[in-house]
Protein chains: 2
Amino acid sequence: MTARPLRVALLGAGNVGLEVARLLTESAEDLSARIGAPLEVVAVVVRDLGRARPGIDPTLLTDDAEAVVARTDLDIVIELLGGIEPARSLLLTAMANGASVVTANKALLATDGTTLFEAAEQAGVDIYYEAAVAGAIPLLRPIRESLAGDHITRILGIVNGTTNFILTKMDESGADYHDVLLEAQQLGYAEADPTADVEGHDAAAKAAILASLAFHTRVTLDDVSCEGISQVTAVDIKAAHDMGFVIKLLAIAERLPDDEGIVVRVHPAMVPREHPLASVRLAFNAVFVEAESAGQVMFYGRGAGGAPTASSVLGDVVTVARNRVAGHHGPVHNAYAHLPVLGIGAARTRYAISFRVTDEPGVLATIANTFAEEGVSLQVVRQDGSGEDAHLLVRTHKSTEAALAATLKRLRRLTAVKEVVGVMRVEGEAGN
Amino acid sequence: MTARPLRVALLGAGNVGLEVARLLTESAEDLSARIGAPLEVVAVVVRDLGRARPGIDPTLLTDDAEAVVARTDLDIVIELLGGIEPARSLLLTAMANGASVVTANKALLATDGTTLFEAAEQAGVDIYYEAAVAGAIPLLRPIRESLAGDHITRILGIVNGTTNFILTKMDESGADYHDVLLEAQQLGYAEADPTADVEGHDAAAKAAILASLAFHTRVTLDDVSCEGISQVTAVDIKAAHDMGFVIKLLAIAERLPDDEGIVVRVHPAMVPREHPLASVRLAFNAVFVEAESAGQVMFYGRGAGGAPTASSVLGDVVTVARNRVAGHHGPVHNAYAHLPVLGIGAARTRYAISFRVTDEPGVLATIANTFAEEGVSLQVVRQDGSGEDAHLLVRTHKSTEAALAATLKRLRRLTAVKEVVGVMRVEGEAGN
């Protein structure tokens, strides 16, 4: 061991930051052996200097982030502040001053990753961010490197633990959304303001990051069609259950045939109970990656939490530190494919639709005709009840969102259709 | 794009090799964009020049492997010959002459990986081998890099598709081992001589490779305790089924507490039906990795086949090619931990044991006492039948293999015990 120590600054010492700091100390010897040089933490930036930070040398604490990233002797800056600013400015300054960076900031990466990647390339430093998507699960590096010789066609995953916790509890207890949300908040699985999770924004940021890597194309949060779980009712869950499905909030990024473009979307969907994603319970995450040669590959593990996220951060720290010792940097981000990013109208999937209909002969035929005329092919049709309670349940074969929307518009005008009660996408079926 | 083309030689054009050759041609443009330089295949080594190799330019074919690796202008050599020699000599010559290498040769890596890794380090070139374990599943790179900041405690996986196919069929049909083996051979899932698969040697080679990477310690095939599935009967499967378990051939590498050492073993084991590994059917592979901070992470996908394996090979080709363009190489293999590799006697697991016993009062107590005296704690005891058919079924808590062996030796001497009918390890239970 002759290499000089590598100087590390940590921006943020919350849940994950404290764990990273602890591991940097406790595993110092192992990390040094794996890297080929010791790591030396030289600063820990916190917002509130008054709060206790157990396990962190108090002389390292500072609230002056600007002064830390202004240093020109840093090797690695770990950013765990979250949010767009000041995180972006701090990272840009750190890279301009020669530091490689490791970040878990999904919001920033999904909004303005390109600025960061270009700054890293220009400065000749690394930017790694495994912890930004699916916590402890090694996912970005496999997509960026292991599958780099293949053509990824589709990514389908559960990437938000809060919503999966809520949907699992609703499925297993029959309880309603608001009761389960309250339970999740009490247990610490949902924040006091749960909007970012339950409305799908968190999953959408991750979907944008995954799509960018998988399709070598710039995809930002604004490109992601996003619908959360706050409208999912106990009745929806029960109806899905009766058909042999569970409802999951999925992040889906797919490349359309003939490089027509890519579609990235987040929404609740019905998944067959025998599909591996159906058995991903509570706060766990799982992501399917489908590639032309590899077929389906699945990654599963803890998507959040201090220790699992810290594991991902440390893995990135070892990688950039090894690169530093060897005097080089990892592969740069490459958006060479420039595929068009299309709206959800271009997506092709299956649908389950329930209608309240008038109880008279010929209703089913009228509705089926409307689907046929819009080119949406039906897979299952079931009529239940009678009188005021006459219900029609329809499952379609694959169709574009645009064709489905046109069909629904026409159906809503029919006098036979009293109400379109629910529309749910169906994912993970054979051929889907 | 200004970088010069990278010269690639392919050793072996069987199932995987043909697919690699096809993808190198068909995906040339994408690969070039991802790498930053085009790849140029300059030679394809085959054993039999007379056989048709569809899709390969016939002028590239040669049967003179020595002449190919003697070239000093190669950038990348892809070795898909398998076996120890001449693969080892060819790879050593190729690296000495400056080429980086990509190989899928698990037998060679598990037997003499150290020689290859040292040669690569000395020559300043890369050696990558993702395809050697679990086909298309990105597994080695995540262990080597993503989890490099964590402490892996245990790897538990299904890494042989042939045996998993056979065990799945036995479980689902009730058929006996030999009938299912025949079916697997007819369908191409098992070779004419199935020994390497069914006796666990293939899985053991993969376990040695995984353990070396996970524990930063040299582990070879000889260090792996190995037992195959040829002794697993329809009766065993049925008995496991009745208790809520399935039998899987598992590869297990674990670090004992306090860095006492590591144990690497391959054997059939009972896995609870609700465990994610239990639902891995047919020729699929899945590997659980347990790390201190990350918790449990699972990887799932196709473990074999031309296209999936080619996907892994191409991913490695892109990595070493990117390194080549950047003028550096990836992290070297590091066995700094030098943990002792212990025999299976040191392993701690649970056991299910069935006995044929005499039908008289006190038998259960006598047997239970023997377990207790050897320090093996019982979890479940069940006595069935009477007379000649009196059976005792015992499941233990965790114990060392050594304590279990001592217990069994004493039990076999008891007059009350007519026969120890079967002993099966139990893995994947809570706390196990």
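K.L.:
I'd like a rundown of the relation of the copies chain B and chain A, residues and numbers included.
P.N.:
A rotation about an axis combined with a shift along that same axis relates the two copies of the chain. Of the transformation placing chain B onto chain A, the axial shift is 0.0 Å and the rotation is 180°, giving an RMSD of 0.0 Å. Interpreted geometrically, this transformation is the action of a two-fold axis. Among all C-alpha atoms of chain B, that of Phe299(B) lies closest to the rotation axis, at 2.4 Å. The residues that chain B uses at the interface reappear at the interface of chain A in 100% of cases, marking a shared surface.

K.L.:
Outline the domain arrangement of chain A, listing residues and values.
P.N.:
All names here are of chain A. Parsing chain A into structural domains produces domain 1 (6-136 + 307-326), domain 2 (140-301) and domain 3 (347-426). Of note, the centres of domain 1 and domain 2, computed from C-alpha atoms alone, are 28 Å apart. Of the residues belonging to the side of domain 1 that touches domain 2, the class tally is 8 nonpolar, 4 polar and 2 charged.

K.L.:
Can you break down the packing of helix 1 (residues 15-26) of chain B against helix 12 (residues 306-326) of chain B residue by residue, with the values?
P.N.:
Residue and element names in this part refer to chain B. Contact geometry for helix 1 and helix 12: axes closest at 8 Å, N-to-C directions at 60°. Between helix 1 and helix 12, the interaxial angle falls into the category oblique. Between helix 1 and helix 12 lies a crossing of right-handed hand. Of the residues in helix 12, those touching helix 1 at Asn15, Val16, Leu18, Glu19, Val20 and Leu23 are Gly306, Ala307, Thr309, Ala310, Val313 and Leu314. Grouping the amino acids of the contact of helix 1 with helix 12 by side-chain chemistry returns 8 nonpolar, 3 polar and 1 charged.

K.L.:
How would you summarise the interface of chain B and chain A if you had to cite specific residues and measurements?
P.N.:
Interfaces are often sized by the accessible area lost when the parts come together. Across the boundary between the two partners, chain B contributes 42 residues, which contact 42 residues of chain A. Only helix 2 (28-35), helix 6 (140-146), strand 12 (295-302) and helix 12 of chain B provide two or more residues apiece to the side of chain B that touches chain A. Of the residues forming the side of chain B that touches chain A, the biggest block, 11 residues, is contributed by helix 12 of chain B. Looking at the side of chain B that touches chain A residue by residue, the classes come out as 24 nonpolar, 11 polar and 7 charged.

K.L.:
Explain helix 10 (residues 201-215) of chain B to me, and be specific about the residues and the numbers.
P.N.:
Residue and element names in this part refer to chain B. With 15 residues, helix 10 should reach 21 Å at 1.5 Å per residue; the first-to-last C-alpha distance of 21 Å fits that figure. Among the 15 residues in helix 10, 15 count as buried, and that is most of the element. One or two residues past the end of helix 10 sits His216, with phi positive at roughly 50°.

K.L.:
How would you sum up the sheet that holds strand 3 (residues 61-62) of chain A? Please name residues and give values.
P.N.:
Residue and element names in this part refer to chain A. On the basis of which strands lie adjacent, the open sheet formed by 6 strands has the order 3-2-1-4-5-6 and parallel pairing. The two strands at the open ends of the sheet, each matched to only one other strand, are strand 3 and strand 6 (127-128). For strand 2 (residues 39-45) and strand 3, the ladder comprises 2 bridges, and the chain directions are parallel. Each residue of the ladder has a partner; that of Val45, found in strand 3, is Thr62.

The rules behind these values
- Counting restarts for each chain, with residues numbered from 1 along the sequence as it is written.
- Following the order in which they are written, the chains are lettered starting with A and the ligands numbered starting with 1.
- A pLDDT threshold of at least 70 governs which residues receive local features in this predicted model, and a stricter bar of 80 or more applies before side-chain atom pairs are shown or counted, although totals over entire chains, interfaces and linings include all residues.
- The copies were overlaid with a least-squares fit restricted to C-alpha atoms from residues scoring a pLDDT of at least 70 in each copy.
- Contact between residues is assigned whenever the C-beta positions, reconstructed from backbone atoms, fall within 7 Å.
- All domain edges in this entry derive from an automatic or database-based domain assignment.
- Throughout, the ten residues Ala, Val, Leu, Ile, Met, Phe, Trp, Tyr, Cys and Pro are labelled nonpolar, Asp, Glu, Lys and Arg are labelled charged, and all others, Gly among them, are labelled polar.
- Axis lines are fitted to C-alpha atoms, over the contacting stretch for helices. Their N-to-C directions set the angle, which ranges from 0 to 180 degrees.
- Each helix corresponds to a stretch of at least 4 residues labelled H or I by DSSP, and each strand to a stretch of at least 2 residues labelled E; elements are numbered beginning at the N terminus.
- Comment on the angle field: the value is read as roughly parallel under 35 degrees, roughly antiparallel over 145, roughly perpendicular from 65 to 115, and oblique elsewhere.
- Handedness of a crossing is defined here by the sense of rotation of the near helix relative to the far one, left-handed for an anticlockwise turn of less than a right angle and right-handed for a clockwise turn.
- For a helix, the expected span equals 1.5 Å multiplied by the residue count minus one.
- Partly exposed residues are those whose C-beta has more than 12 but fewer than 20 other C-beta atoms within 10 Å; 20 or more makes a residue buried and 12 or fewer makes it exposed, with C-beta atoms placed from the backbone.
- Two strands qualify as a pair provided DSSP detects at least 2 bridges between them.

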